[in-house]
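# Chains, contacts and geometry: an overview
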Amino acid sequence: MQMTILENLHESIKQVIKNAVEKAIANNEIDPVSEYDIQIETPREKEHGDFATNIAMMLTKILRKPPRTIADAILKNMDFANTYIAKAEVAGAGFINFFLDNSWLYDVVGVIDEQGDNYGRINLGNGKKVMVEFVSANPTGPMHMGNARGGALGDCLASVLDWAGYNVTREFYVNDAGNQIEKFAVSLEARYIQELKGEDAIEFPEDAYHGDDIRQHAKNFIALYGDKYLEAEQTERRKALVDYALKLNIQALKDDMDLYRIHFDNWFYESTLHNSNEVMETIELLKQSGYTYEKEDALWFKTTEFGLDKDDVLIRANKIPTYFAADIAYHRNKFSVRGFDKVINIWGADHHGHIARMKGAMQALGIDPDRLDIITMQLVRLMRGGEIVRMSKRTGKSITLHDLLEETNVDAARFFFNLRQASSHFDFDLELAVEQSNENPVFYVQYAHARICSIIRHLSGEGINVKNAKDIDLTALVQPQELDLLRKLTDLTEEIKAAATTMEPSRLTRYLMDLAALFHSFYNACRVNCDDQNLMHARLKLICCVKTVIANVLNMLGVNAPEKM
RNA sequence: GCGCCUGUAGCUCAGUAGGAUAGAGCAACUGCCUUCUAAGCAGUGGGUCAGGAGUUCGAAUCUCUUCAGGCGCGCCA
């Protein structure tokens, strides 16, 4: 894939600097330096030019001269021939600021014209196989607000990586085995018996699932099968109940994800790891690695070898493998069986304690732990009109993802959950979300898109259509609002690169809000439908480019780009 | 007790592989619709970057420390 406009520009400026440094050395104006890194940055203040370098400050330690002296010497030897650089000057502590001819900004229009729906794609990932595993909610009940945040985050991160040139797989891990399924069975059974024989017939275990959904499953089960399992063997009864309810719960997870516009490439069932014997195989490999030992009838993993406080059990004294053991097998499967180059997990912050031991387990298996990235997302604190709403599954009174999707709209929820970084604690106020007021910036961005569509419709009605970039004199665009927009459009590729590198899709919502703000300013300052035909076509093209970019990024976020509002 | 995350404007948050005068939205106040969508724009006020010390040309950003909040330290998942 070709270099982006900014990459090209940075390279050409670096070349100018490099040539100038070499010339300054040749002229004995500075002492020889062999290795140095040239950084190009964008100054915050416009008076400081379009780009700047801190090369003089970087060299000040090596050369033992004041930065401004070095900067002067470098500047004196600069040659701007065949570049966009109009002038450069030394400023501040020793920055060299570059002021460019505006013409470099027009290039982006041609690029967007050519790439259209794909403008913004870069080849950072080089087709590497990467998995993003997210949500992975327990199938024992409905999803909560944490899953809502994780879903929006994971899905958008996957999109960002896709746009950055990775080969991305979205996966949902279904914990359809193990202890919580046992607990699920016990819960269902107790409700089943209570429904048939009264509340006092059996005591409902304190640590079972108290949610109303369990009771509902029992009722529906009875409607289908009556009391025929009342006298059956306990194992048979529990199996029938779990088979029935689990299937429905998993389908509900799929339906809700569908509503939320999240489409997983794969739903991976924990049970397959047990059935295929991969769990035991993995444990065998860990034994061979020497990182295990037996104590009190259980098999332990030497987590302490990896700097942690205590070791962890892999196989309990009752010979049943732990969740940890299954999880290790799962991750081994991702890397060794399915060959992912890189795996990203999105976990709630309450699981952060497991990161080190999982990485340790990977190392024990000979898998480079750096190939596993775990994003810990701070949990969502649910508020309603400023009051905290508890979200425990046990009380059964939590607000579910499904409730959220019924109360608010998907665009708002997905955008809202990507406003903040994963590391930030997040208060989600239901009243605000439901209001869909201007508190939610998604409308601001969508409004910009709709406004552009409206202008295009108007002009189209007058028989004026968008021309190809090559047929337009873009130099008509000289207003600061126009130039700011062009610059922002050019920035998209860098923004995607940064979002992919830092694994923070929240950069995109911020980028969109900035872009929308620039457009709204432009809208108030410049009229597209003006008398100057040349200017009109240039502006029309400009807003079409803005529309394309807004739509592309909204598409990455899984948010609609409405033509009318 | 140990570990992880967080602390920036009244509120919600950006900015952290060190860079120039710390930004945005909301809230408050003042203006802007007989022409392309006012869910908009322009402007004003608002700061001990939690406190302290250190590293250096330069610290919101790095180190140490104190304080405050969240989370975790099961043969649970």
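Being a predicted model, the structure only gives us computed values, none of them experimental.

Rules of the game
Residues numbered from 1 in each chain as written. Chains lettered and ligands numbered in written order. Predicted model: local features only at pLDDT ≥ 70, side-chain atom pairs only at ≥ 80, totals over all residues. Heavy atoms only, no water. Domains from an automatic or database assignment. Contact = heavy atoms within 4.5 Å. Buried area = accessible area lost by both parts, 1.4 Å probe. Salt bridge = Lys/Arg side-chain N within 4 Å of Asp/Glu carboxyl O. Polar contact = N/O pair within 3.5 Å; in protein donor to acceptor, adjacent residues only side chain to side chain. Helix = DSSP H or I, 4+ residues; strand = E, 2+ residues; numbered from the N terminus. Nonpolar A, V, L, I, M, F, W, Y, C, P; charged D, E, K, R; others polar. Buried < 20%, exposed > 50% of the residue type's maximum accessible area, 1.4 Å probe, protein only. Arc of directions from axis to C-beta. Core = buried A, V, L, I, M, F, W, Y, C linked by side-chain atoms within 4.5 Å.

### Observations concerning the domain arrangement of chain A
As far as domains go, chain A holds domain 1 (5-100), domain 2 (134-269 + 368-439) and domain 3 (441-557). Listed as interface residues are 7 residues of domain 1 and, on the opposing side, 6 residues of domain 3. For the pair domain 1 and domain 3, the summed buried surface comes to about 510 Å²; carbon and sulfur atoms form 50% of the total. One can count 1 salt bridge joining domain 1 with domain 3. Its salt-bridge partner being lysine 46, residue aspartate 484 comes within 2.9 Å of it at the nearest N-O pair. For the pair domain 1 and domain 3, the interface holds 2 residue pairs in polar contact (both at pLDDT 80 or more). Broken down by element, the residue count for the side of domain 1 that touches domain 3 peaks at 3 residues, all from helix α1 (residues 5-26). Counted by class, the side of domain 1 that touches domain 3 contains 3 nonpolar, 1 polar and 3 charged residues.

### Describing helix α3 (residues 67-76)
Listed as buried for α3 are Ile70, Ala71, Ala73 and Ile74. What you see down the axis of α3 is that its buried residues fit within an arc of 165 degrees, all on one side. If you follow the buried residues of α3, they end up packed against α1, α2 (55-63), β3 (85-91) and β4 (95-100).

### Observations concerning the nonpolar core
One finds Phe98, Tyr260, Phe417 and Phe428 to be the most contacted residues of the largest nonpolar core, which totals 155 residues. Top element by residues in this core is helix α19 (residues 533-557). It accounts for 15 residues. Residue contacts for tyrosine 260: discarding those within four places in its chain leaves Ala148, Gly151, Ala152, Leu401, Leu405, Val410, Ala413, Arg414 and Phe417. Grouped together as the second largest cluster of nonpolar side chains are 31 residues, Leu286, Phe301, Ile355 and Met362 included.

### Considerations on the environment of methionine 78
Relative to the elements of secondary structure, methionine 78 occurs in the loop between α3 and β3. For methionine 78, a relative accessible area of 13% corresponds to the buried category. For the pair methionine 78 and arginine 487, spaced 409 residues apart in the sequence, the C-alpha separation amounts to 25 Å. For methionine 78, the contacting residues outside a window of four places in its chain are Val16, Ile17, Ala20, Ala88, Ile96 and Phe98.

### What to know about the pattern of salt bridges
According to the stated counting rule, one finds 23 salt bridges in the structure shown. The closest approach of N and O atoms between lysine 76 and glutamate 29, which form a salt bridge, is 2.9 Å. Taken together, the residues lysine 76 in helix α3 and glutamate 29 in the loop between α1 and β1 (40-41) connect sequence positions 47 residues apart. Glutamate 29 gets classed as partly exposed once you look at its relative accessible area, which sits at 23%. Arginine 215 is the partner of aspartate 212 in a salt bridge, and the nearest nitrogen-oxygen pair spans 4.0 Å. Of the two residues, aspartate 212 and arginine 215 are both situated in helix α7 (residues 212-225); the distance of 3 residues between them amounts to about one turn of the helix. Take aspartate 212: its relative accessible area is 47%, and that puts it in the partly exposed class.

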